[in-house]
Each structure stands twice: as C-alpha cells, then as structure tokens.
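The lines below spell out each chain.
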Amino acid sequence: MTRAATKSLAMTLCLMALAACGDTGPGGSSCSDESLEICQVYRIVNDERSAAGLEPYAWNADLALAAQLHAEDMNAQGYFSHDSLDGRDFVQRIVDAGYDGSPRGENIARGQRTAEQVMESWMGSDGHRRNILSTGSNEIGVGFIDDHWVQVFGYADRSAEE
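Scoring rules and cut-offs
- Residues numbered from 1 in each chain as written.
- Predicted model: local features only at pLDDT ≥ 70, side-chain atom pairs only at ≥ 80, totals over all residues.
- Heavy atoms only, no water.
- Helix = DSSP H or I, 4+ residues; strand = E, 2+ residues; numbered from the N terminus.
- Buried < 20%, exposed > 50% of the residue type's maximum accessible area, 1.4 Å probe, protein only.
- Contact = heavy atoms within 4.5 Å.
- Pairing = 2+ DSSP bridges.
- Axes fitted to C-alpha atoms, helices over the stretch in contact; angles between N-to-C directions.
- Disulfide = S-S within 2.5 Å.
- Phe/Tyr/Trp six-rings, centres within 6.5 Å; stacked < 30°, edge-to-face > 60°.
- Lys NZ or Arg CZ within 6 Å of the ring centre and 35° of its normal.
- Core = buried A, V, L, I, M, F, W, Y, C linked by side-chain atoms within 4.5 Å.
- Polar contact = N/O pair within 3.5 Å; in protein donor to acceptor, adjacent residues only side chain to side chain.

*Asks:* Which parts of the structure should I look at to understand the overall build of the chain?
*Replies:* The helix and strand inventory of the chain stands at six helices and four strands. The secondary structure elements of the chain, listed N-terminal to C-terminal, are α-α-β-α-α-β-α-α-β-β. Each of the 162 residues in the chain was classed as buried or not, and the buried ones make up 44%. Once local pairs closer than 6 in sequence are excluded, the contacts in the chain between residues at least 24 apart make up 66%.

Shown next as structure tokens:
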C-alpha cells in the first residue's frame with residue numbers, strides 16, 4: 001500500500017472513531033463510546049482529574065485528529081517520538097489538524113495493550129502526570145492504533161461559543 005493510500009485509510013478510520021466519540025458541544029465535549037480505547041482513556045483521564053479536584057477536560061475533535069494521525073504515523077513508519085519523521089512537533093501537528101486553541105502538551109506511549117495499562121504508565125511518570133493534571137489545559141484528544149497511544153492537550157476559551 002502506498003504512503004498516500006495508507007494516510008487516506010488512516011484518516012477514514014480516524015474520522016469514524018471520532019464520530020463515535022461524539023462532538024456534542026463547543027470544542028467537542030463528549031467521548032462516550034466505552035468500547036473505544038480512546039474513549040476509555042478520556043474517561044480515566046477525567047476520573048484522575050476529578051480525584052485531584054480538577055475540572056474535567058472537554059473532548060476536542062481537532063486534538064483527537066492530531067493525536068490519531070500521530071499514532072497512525074508512528075505505527076506505519078515504525079518509530080516512537082514526539083517529533084514526526086517529517087520534522088513536525090506536536091504543536092505543528094495540532095495546528096495542521098485545525099485546532100483553534102493553544103497547543104499545550106503531548107503524551108505518547110507504546111506497548112501497553114489497554115487503556116488502563118497506558119493510564120497507569122502515564123500516571124506513574126511525573127511529566128506525563130503533569131500534562132494529565134494540568135490546570136493550563138482544558139481540552140484533550142486521544143489517538144490509538146495497535147500499541148501506539150497519543151494524548152494531546154490544548155487550551156481554548158470557549159465561553160463566547162456557549
């Protein structure tokens with residue numbers, strides 16, 4: 001399969017998964033299909049935030065697109081890095097996905113088979129935990145394929161949209 005065909009297939013699968021997570025409000029505030037690993041991670045993230053006395057993250061479809069495409073790219077090209085092989089970092093990937101807020105952070109993981117396992121790994125790491133429990137972010141997107149996981153975080157003032 002050519003790189004263009006692989007990218008097209010990845011985009012189609014990503015959009016199908018994102019549709020299942022819902023986009024019910026400003027910034028896309030829902031990810032409710034618990035059969036999807038990305039929605040399980042989203043729920044666990046917000047459970048951790050609630051336990052820490054923090055507001056939940058809103059789901060954002062543009063952030064989820066950036067996360068999913070990075071997971072797909074790492075998986076397809078056999079690398080594991082915050083920087084894509086084409087030189088883009090998480091900020092550029094988030095901007096390229098159309099996000100209209102401020103990119104704030106990214107967590108990546110490889111090898112974990114379940115949402116619970118990846119969240120346990122991230123919560124056991126100071127830097128990853130800081131991103132999950134950040135007070136400087138209010139939106140999240142999650143991507144997953146095979147054993148590649150990506151979370152991206154952003155901040156957007158959506159109060160004028162409500």
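*Asks:* Whenever I open this one, the sheet that holds strand β3 (residues 139–145) confuses me. Can you help?
*Replies:* Pairing between the strands of a sheet is mediated by backbone hydrogen bonds and can be parallel or antiparallel. Strand order across the open sheet formed by four strands is β1-β3-β4-β2, with mixed pairing between neighbours. With one partner strand each, in any of the chains shown, β1 (58–59) and β2 (102–110) form the two edges of the open sheet. Where helix α5 (residues 115–123) meets the sheet, its contacts fall on β2 and β4 (148–155), and the angle it forms with β4 comes to roughly 60 degrees.

*Asks:* Can you walk me through the state of the cysteines in this structure?
*Replies:* Here a disulfide denotes a covalent bond joining the sulfur atom of one cysteine to the sulfur atom of another. Per the counting criterion, the structure on display carries one disulfide. Paired by a disulfide, Cys31 and Cys39 hold their sulfur atoms 2.2 Å apart. Residues Cys31 and Cys39 share a disulfide whose torsion about the S-S bond is about -90 degrees; that sign makes it left-handed. As far as the burial class goes, Cys31 and Cys39 line up, both buried.

*Asks:* How should the packing of aromatic side chains be read in this particular structure?
*Replies:* Each aromatic ring pair is described using two quantities: the centre-to-centre distance and the angle formed by the ring planes. Counted by the stated rule, this structure contains three aromatic pairs. Centroid distance Phe144 to Trp149: 4.0 Å. Interplanar angle 35 degrees. Geometry classified as tilted. A relative accessible area of 15% places Phe144 in the buried class. Over the face of the ring belonging to Tyr57 we find Arg49, whose NZ or CZ atom lies 3.9 Å from the ring centre.

*Asks:* How do you make sense of unusual backbone geometry when you look at a structure like this?
*Replies:* The general pattern is negative phi for most residues beyond glycine and trans for most peptide bonds. Positioned with a positive phi, Asp146 is a non-glycine residue whose angle comes to about 50 degrees. Since its relative accessible area comes to 45%, Asp146 is described here as partly exposed.

*Asks:* Is there a simple way to explain the nonpolar core in this structure?
*Replies:* Most often, soluble globular proteins keep nonpolar side chains buried together rather than apart. Ranked by size, the top nonpolar core spans 23 residues in total, and within it Val41, Trp59, Met119, Trp122, Ile132, Ile140 and Trp149 carry the most contacts. Breaking this core down by element, the ones donating at least two residues are α2 (37–51), α5, β3 and β4. Here this core takes six residues from α2, the largest share from any one element. Excluding residues that lie within four positions of it along the chain, Ile140 makes contacts with Tyr42, Val45, Tyr57, Ala58, Trp59, Asn60, Leu63, Gln151, Val152 and Phe153. Membership of the second largest hydrophobic core comes to 15 residues, among which are Leu63, Leu65, Met74 and Ala97.

*Asks:* How should the environment of Leu63 be read in this particular structure?
*Replies:* Within the secondary structure, Leu63 is located in helix α3 (residues 61–77). Separated by 36 residues in the primary sequence, Leu63 and Tyr99 place their C-alpha atoms 6.5 Å from one another. Once you skip the residues sitting within four places of it in the chain, Leu63 turns out to touch Ile94, Tyr99, Glu139, Ile140, Gly141, Val152, Phe153 and Gly154.

*Asks:* Teacher, can you tell me more about the side chain of His70 here?
*Replies:* The residue His70 is located in helix α3 in this model. One polar contact links the side chain of His70 to the main-chain carbonyl oxygen of Ser81, over a distance of 2.9 Å. Beyond its immediate stretch of four places on either side in the chain, His70 contacts Tyr79, Ser81, His82, Ser84, Arg93, Glu106, Ile108 and Val150.

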